[in-house]
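Observations on the model geometry
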Amino acid sequence: QVQLVESGGGLVQPGGSLRLSCAASGIAFSLYRMGWYRQAPGKQRELVATITRDGTTTYADSLKGRFTISRDNAKNTVNLQMNSLKPEDTDVYYCSTNVMVQNYWGQGTQVTVSS
């Protein structure tokens, strides 16, 4: 059973940083591409970043330079370092992977950027 558990969200002031983590279980983690997505109430879930099994990364154009995705295959975790946060980054952030054409999602972690 694939499980993804996010952590690290919280309240941060504009310009601050947060590091999100996602712990995966039930899969051969090192073999799969992992992704971070985010969603605001009433809006569609949008891609933040992905990382392939060999470490190739992609980012939403608007987030390049501020967010960094990384993975630790020894710990079965994927991380999202978020810097220079803005109020518009306030969202629920989800970890995701696709295994055998099935999408899996974590429960999400709330990030709130506010003074």
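A brief structural summary. The structure presented is a predicted model; accordingly, all values stated were derived computationally and were not measured.

1. Some words on the overall build of the protein
For the protein, the count of helices and strands is 0 helices and 11 strands. In the protein, the succession of helices and strands from N to C terminus is β-β-β-β-β-β-β-β-β-β-β. Taken against the 2.2 N^0.38 rule, which gives 13 Å for 115 residues, the C-alpha radius of gyration of the protein at 13 Å falls within 12% of a compact globule. With respect to the three principal axes, the spread of C-alpha positions in the protein is 40 × 25 × 25 Å. Buried residues in the protein amount to 40% of all 115 residues. In the protein, the share of contacts with a sequence separation of at least 24, taken over all contacts with a separation of at least 6, comes to 53%. In the structure as shown, the protein presents an accessible area of about 6,200 Å², 47% of it carried by carbon and sulfur atoms.

2. Comments concerning the state of the cysteines
On inspection of all chains with the given rule, the structure shows 1 disulfide. At a sulfur-sulfur separation of 2.2 Å, the disulfide partner of Cys 22 is Cys 95. An S-S torsion of about -75 degrees defines the bridge between Cys 22 and Cys 95 as left-handed. Here the residue Cys 22 occupies a position in strand E3 (residues 18-25), and Cys 95 occupies one in strand E9 (residues 91-99), the gap between them amounting to 73 residues. Each member of the pair, Cys 22 as well as Cys 95, is classed as buried.

3. A short note on the environment of Val 2
Looking at the secondary structure, you find Val 2 in the segment before strand E1 (3-7). Here Val 2 falls in the buried class, since its relative accessible area comes to 15%. Distance in space between the C-alpha atoms of Val 2 and Arg 53 is 17 Å, their sequence separation being 51 residues. The contacts of Val 2, once residues within four sequence positions are left out, are Ser 25, Gly 26, Ile 27 and Tyr 104.

4. Side note on the pairing of strand E10 (residues 102-105)
The pairing of E9 with E10 spans 4 bridges and is antiparallel. Looking across to E10, one finds that Ser 96 is bridged to Trp 105. Linking two consecutive strands that pair antiparallel, namely E9 and E10, is a turn of 2 residues; a positive phi of about 55 degrees is found at Met 100 within it.

Calculation notes
Residues numbered from 1 in each chain as written. Predicted model: local features only at pLDDT ≥ 70, side-chain atom pairs only at ≥ 80, totals over all residues. Heavy atoms only, no water. Helix = DSSP H or I, 4+ residues; strand = E, 2+ residues; numbered from the N terminus. Rg over C-alpha atoms; globule rule 2.2 N^0.38 Å. Buried < 20%, exposed > 50% of the residue type's maximum accessible area, 1.4 Å probe, protein only. Contact = heavy atoms within 4.5 Å. Areas by Shrake-Rupley, 256 points an atom, 1.4 Å probe, with all protein chains shown as cover. Disulfide = S-S within 2.5 Å. Pairing = 2+ DSSP bridges.

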